[in-house]
Amino acid sequence: MTSVPYEEEPDDHWAQEVADTFQWRPGPGGQWVFEGTCPFCHHKMFRAISDAVLVDDLRAAPGAGTATLDILVSCNCRGEHAGCPEGKSGCGRYGGLKLEL
Ligand SMILES: [Zn+2]
Ligand SMILES: [Zn+2]
């Protein structure tokens, strides 16, 4: 199986696809997990956010209870990517997301 080499690279298009295709699910320890398939390497990846952060963001929301959450997401799949630095995982793609809550 071939896989893409690791390259740390900000990618807005990647981030947009993550925002469009990933799903929230409740995680352990009061966390929310935003998970899906990396649009670049097609491995499973996720971003966990603590409940408290979400609640703070919602409180800060003006008016009607919608808030935009700004988070930085990077691929943390468990796939093999040549050149991935020690202690890191994923294919290196990352980007900032704006999510409507
Ligand atoms: Zn991967
Ligand atoms: Zn990836």
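The text that follows walks through the structure, step by step, so that each part is easy to find. (Residues numbered from 1 in each chain as written. Chains lettered and ligands numbered in written order. Predicted model: local features only at pLDDT ≥ 70, side-chain atom pairs only at ≥ 80, totals over all residues.)

**Topic: the sheet that holds strand E3 (residues 31-37)**
So, point 1. Taken in spatial order, the three strands make up an open sheet running E2-E3-E4, and their pairing is antiparallel. Both edges of this open sheet fall to strand E2 (23-26) and strand E4 (44-50), since each of them pairs with a single strand only. Here the strands of the sheet are splayed against their neighbours by 30 degrees on average, with no regard to which way each runs.
So, point 2. Note that E3 and E4 share seven bridges and pair antiparallel. Along E4, the bridge assignment pairs Phe34 with Arg47. (Pairing = 2+ DSSP bridges. Helix = DSSP H or I, 4+ residues; strand = E, 2+ residues; numbered from the N terminus. Axes fitted to C-alpha atoms, helices over the stretch in contact; angles between N-to-C directions.)

**Here we look at the nonpolar core**
One recurring pattern in soluble globular proteins: nonpolar side chains tend to sit buried together.
So, point 1. Ranked by size, the top nonpolar core spans 14 residues in total, and within it Val18, Cys38, Phe40, Cys41, Cys75, Cys77 and Cys91 carry the most contacts.
So, point 2. With three residues, the top contributor of residues to this core is helix H1 (residues 12-21).
So, point 3. Ignoring anything within four residues of it in the chain, the contact list for Cys77 reads Cys38, Cys41, His43, Lys44, Met45, Ser89, Gly90 and Cys91. (Core = buried A, V, L, I, M, F, W, Y, C linked by C-beta atoms within 7 Å. Buried ≥ 20, exposed ≤ 12 C-beta atoms within 10 Å, placed from the backbone. Contact = placed C-beta atoms within 7 Å.)

**Some details on the environment of Trp24**
So, point 1. Turning to its location among the elements, Trp24 is positioned in strand E2.
So, point 2. A tally of 14 C-beta atoms within 10 Å means that Trp24 is categorised as partly exposed.
So, point 3. Residues Trp24 and Ala67, spaced 43 residues apart in sequence, show a C-alpha to C-alpha distance of 15 Å.
So, point 4. If we skip the residues at most four places from it in the chain, Trp24 touches Trp32 and Phe34.

**Details of the environment of Leu69**
So, point 1. One can find Leu69 in strand E5 (residues 68-74).
So, point 2. A tally of 16 C-beta atoms within 10 Å means that Leu69 is categorised as partly exposed.
So, point 3. In the structure, Leu69 is positioned 28 residues away from Leu97 in sequence and 7.7 Å away in space, judged by C-alpha atoms.
So, point 4. Among all residues touching Leu69, those that are not within four sequence positions of it are Asp57, Leu99 and Leu101.

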